[in-house]
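What the coordinates show
If you want the building blocks of each chain, they are given just below.
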Amino acid sequence: MFFTAYRLKQPLVIAIFLMVLCVPAWAQKITMTLSVPQSSKTGVSFPQASYKDSLSAVKSLHNFLLELNKRGYLEASIDSIIVNKASWIVVLYTGEVYRYATLKRGSLPLSLANKVGFSSKQFKGSVLNVKQIYELEEKVVKAAENNGYPFAAIGLDSIEFDEQHRLTASWRYEPGPMITIDSLIIVGNYEVKYKFFQRLVRIKKGDPFSQQKIDQSQRILAQLPYVKTMSTPISMMTEGSARVSYYLEKRRANLLDGYIGFLPNAAKNNKLLVTGDVKLELKNLFRSGKTLSLNWQSFNQQSQYLRMYYEHPRILGTGIDISGLLEITRQDSSFLNINREVKISQQLGGAGILDIFVGLKTGRILSQRSNTDSLHLAYGDFNNYTYGVGYTLNKLDNVFYPKRGFFFSTRFYLGSKTIHKNPFYGEQSYKNVRINTYQFNIEILAEKFVRLSTKNIVMLRVNTAQVFNDANSLFLNDLYRVGGLRTLRGFNEKEFYVSRFGIGTLEYRFHTDEESYLLLFTDQAVITNPYNAVWDLEYIYGLGAGISFTTAAGVFNFVYSVGQSSTQKLSLTLSKIHFGLVSKF
């Protein structure tokens, strides 16, 4: 039987030595046992187990010594190792526990000490933890770096140990020169007004230098659809000042997006129904980040939808964005809904946005019904004043064609709703209706993009919403509309009126280039409609395939889908075809 004993004191030396020693045994399992003299008991447990190879055993041993250092055993080391083929016996030397007698603030400014959470009281008599010292130093340097002192340095001074292994020391802080922002420089063909750019990145001339703000500005720019960041910002420092250079390229973000859909027309014996969807978006208007968006849809027989949206970023020189929304929905001769909304948005830390909004949604009945004494009206005349809050987190790697990352958006709003009695309907129709009521809505959208390889991408999406109110005070023109290309593929546009829905999407994309891909998808949904016994709680699904590819005129999209519900069987004769062209300029 062969064995060797080694006696070493330095943890790093022992690690390197063992790795060299055990080169022939990389693939051999190692059983390691720790031997601790009675006088060196620490209470720190060591994972005495088998390791798949020598490297794993060495790594575990090294981590164990680091853990002892954190517990105040600064002299902890390996006394000796007995190697017997695949079995190691490690004899440990711990030494005494080191503690703090006192750690004084020294020349560290009180404001900075408070900012990083340092207090002399918390160290008095506690175990000396070297890692804790390093972490505190790093916090101080980072806090100084973000408040105009990027060359600050800190360390321990007047270090003394007494006979009881207690440390007495004080901080020595050197701030270095104060640095302020001299200018922001844009390198590239991105055109923007200088004052607006300062408000956009939330950095202006004369501000104390802050690396944190510069990093945040990079994240803000990465989320903009009309600019592409070519590299991280570079700071050039001279005496007392810094110039920050941003490397940006203009991105074609204005778009004209048009779709044509071919669907079976249930109202005319399943003859062909042609639907349309046209969207115009203008970004970075007047070189100041303003957005104007128009969207028109013809989604059913004599039914149309119009959406107009305007966003004014960094209003009046502040970091606040303000936007206005107008939506008009006309459902054949049944009703007309108009939704108005004003929203105030504040960017949070680069990727998150907080929204506060107020709105007014009105519904009006367009035609008189014959059943004027009906116990419950299908449609209603109402005014609903809404107040709400929303939050958006965008961590996608690409605004238009994401391949990895996460997107999350949620909205909560409360409505003060007043129902107006229509003179063409009898009093009996409003017998059980509360004229004045509160209505609450919650909406959540989450997307996750997983990059399996360079060309293979999987997208997971959850889209859910619910409106809360007494059933007698809810009308069809109060409810959400789902179905169609943008929500639930395989069904007619806005086919389902629902008070609650949850749609889960699994989509696979095979990219042939940056902006072209083939896709396979399935949409699974749960819907609730208080007016329809069939849809009171129903599980429906759609599935299909499509293609998106770049042409000289723009990006061409084609989607073929089928769906199944209690009112629609899974049939190729009821399939839905959408194709369109997205032109960027």
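Our structure is the block above this text.
Because the structure is predicted, anything quoted here is derived from the model rather than measured.

Here we come to the overall build of the protein. Along the protein, the regular secondary structure elements total seven helices and 30 strands. By the burial criterion, 46% of the 585 residues in the protein qualify as buried. Partitioning the intrachain contacts of the protein with sequence separation of at least 6 by distance along the chain shows that 58% fall at a separation of at least 24. Element-wise, carbon and sulfur atoms account for 58% of the exposed surface of the protein, whose accessible area totals about 29800 Å².

Taken as a whole and judged by the stated rule, the model has three cavities of 30 Å³ or more. Estimated volume of the second largest cavity: approximately 80 Å³. Lining the second largest cavity, in full, are Y259, I260, G261, T275, G276, D277, Q297, S298, F299, L485, E493 and H578. Of all the secondary-structure elements, those providing two or more residues to the lining of the second largest cavity are β13 (255–265), β14 (271–285) and β15 (290–300). Its residues placed into classes, the lining of the second largest cavity shows four nonpolar, six polar and two charged.

Attention now goes to the packing of aromatic side chains. In total, this model carries 14 aromatic pairs according to the counting rule given. Taking the centre distance of 5.3 Å and the plane angle of 70° together, the rings of F491 and F496 count as edge-to-face. Like F496, F491 is buried. Taken together, Y100, F118, F123 and W171 form an aromatic cluster joined through their ring pairs. The ring of F357 is capped by R411, whose NZ or CZ atom sits 4.1 Å from the centre of that ring.

The next thing to look at is the environment of N284. Mapped onto the elements, N284 comes out in strand β14. Sequence separation of N284 and H312 is 28 residues, and the distance between their C-alpha atoms is 9.8 Å. Setting aside residues no more than four positions away along its own chain, N284 makes contact with Y190, E191, Y226, G289 and K290. Of note is the side chain of N284, whose polar atom sits 3.3 Å from the backbone nitrogen of S288.

Both strand β11 (residues 234–238) and strand β12 (residues 241–250) contribute to a ladder of five bridges, which runs antiparallel. Among the inter-strand pairings, T238 is bridged to a residue of β12, identified as S241. Linking two consecutive strands that pair antiparallel, namely β11 and β12, is a turn of two residues; a positive phi of about 75° is found at G240 within it.

This paragraph deals with the side chain of N398. Residue placement: N398 occurs in the loop between β20 (381–394) and β21 (405–420). Looking at N398, its side chain comes within polar contact range of the main-chain nitrogen of Y401, at 2.7 Å.

What follows deals with helix α6 (residues 194–201). Along an α-helix, residues three or four apart share an orientation, since each turn contains 3.6 residues. Along α6, the positions that sit buried rather than exposed are F196, F197, Q198, L200 and V201. Tucked into the core, α6 has its buried residues touching β9 (180–187), α7 (211–222) and β12. R202 sits one or two residues past α6 and shows a positive phi near 60°.

A word on the environment of N394. Note that N394 resides in strand β20. Sequence separation of N394 and G352 is 42 residues, and the distance between their C-alpha atoms is 6.6 Å. Every residue in contact with N394, bar those within four places of it in the chain, is listed here: Q223, A351, F406 and F407. From its side chain, N394 meets the backbone nitrogen of L396 in a polar contact 3.1 Å long.

Moving on, we come to the packing of α6 against α7. Packed helices, taken two at a time, are described by their axes: the angle between them and the distance between them. Running from amino to carboxyl end, α6 crosses α7 at an angle of 110°, the nearest separation of the two axes being 9 Å. Looking at the two axes, α6 sits roughly perpendicular to α7. Of the residues in α7, those touching α6 at F197, L200 and V201 are S217, I220 and L221. Among the residues forming the contact of α6 with α7, the class breakdown is five nonpolar, one polar and no charged.

On to the sheet that holds strand β6 (residues 99–104). The strand order across the open sheet built from three strands is β6-β8-β7, with neighbouring strands paired in mixed fashion. At either margin of the open sheet sits one strand with a lone partner, and together these are β6 and β7 (153–161). Here the strands of the sheet are splayed against their neighbours by 30° on average, with no regard to which way each runs. As judged from the seven bridges shared by β7 and strand β8 (residues 166–174), these two strands associate in the antiparallel manner. In the sheet register, F161 faces β8, and the bridge partner there is L167. Running over the sheet, helix α5 (residues 130–145) touches β6, β7 and β8 and is turned about 145° from β7.

Looking now at the nonpolar core. Soluble globular proteins: nonpolar side chains tend toward being buried together. Counting 29 residues, the largest nonpolar core has F496 and F501 as the members making the most contacts within it. Going through the elements one at a time, β19 (352–365), β21, β23 (456–468), β24 (480–482), β25 (496–498), β26 (500–513) and β27 (516–528) are the ones with two or more residues in this core. In terms of residue count, β25 provides more of this core than any other element does, three residues in total. Core analysis: the next-biggest nonpolar cluster, separate from the first, contains 22 residues, L200, I203, A242 and L248 among them.

A complete count under the given rule lists 18 salt bridges for this structure. A salt bridge links K279 to E281; the nearest nitrogen and oxygen atoms lie 3.2 Å apart. K279 sits in the partly exposed class, given a relative accessible area of 23%. Note that K283 and E281 form a salt bridge whose closest N and O atoms lie 3.7 Å from each other. Take K283 and E281: they sit in the same class, and that class is buried. By sharing partners, the salt bridges in this structure join R489, E507, R509 and D523 into a single network.

Analysis parameters
Residues numbered from 1 in each chain as written. Predicted model: local features only at pLDDT ≥ 70, side-chain atom pairs only at ≥ 80, totals over all residues. Heavy atoms only, no water. Helix = DSSP H or I, 4+ residues; strand = E, 2+ residues; numbered from the N terminus. Buried < 20%, exposed > 50% of the residue type's maximum accessible area, 1.4 Å probe, protein only. Contact = heavy atoms within 4.5 Å. Areas by Shrake-Rupley, 256 points an atom, 1.4 Å probe, with all protein chains shown as cover. 1 Å grid on protein atoms, 1.4 Å probe; cavity = no way out; pocket = protein on both sides within 12 Å on 5 of 7 lines; lining within 4 Å. Points joined across faces, edges and corners; volume = space filled by probe spheres on them. Nonpolar A, V, L, I, M, F, W, Y, C, P; charged D, E, K, R; others polar. Phe/Tyr/Trp six-rings, centres within 6.5 Å; stacked < 30°, edge-to-face > 60°. Lys NZ or Arg CZ within 6 Å of the ring centre and 35° of its normal. Polar contact = N/O pair within 3.5 Å; in protein donor to acceptor, adjacent residues only side chain to side chain. Pairing = 2+ DSSP bridges. Axes fitted to C-alpha atoms, helices over the stretch in contact; angles between N-to-C directions. Parallel < 35°, antiparallel > 145°, perpendicular 65-115°, else oblique. Core = buried A, V, L, I, M, F, W, Y, C linked by side-chain atoms within 4.5 Å. Salt bridge = Lys/Arg side-chain N within 4 Å of Asp/Glu carboxyl O.

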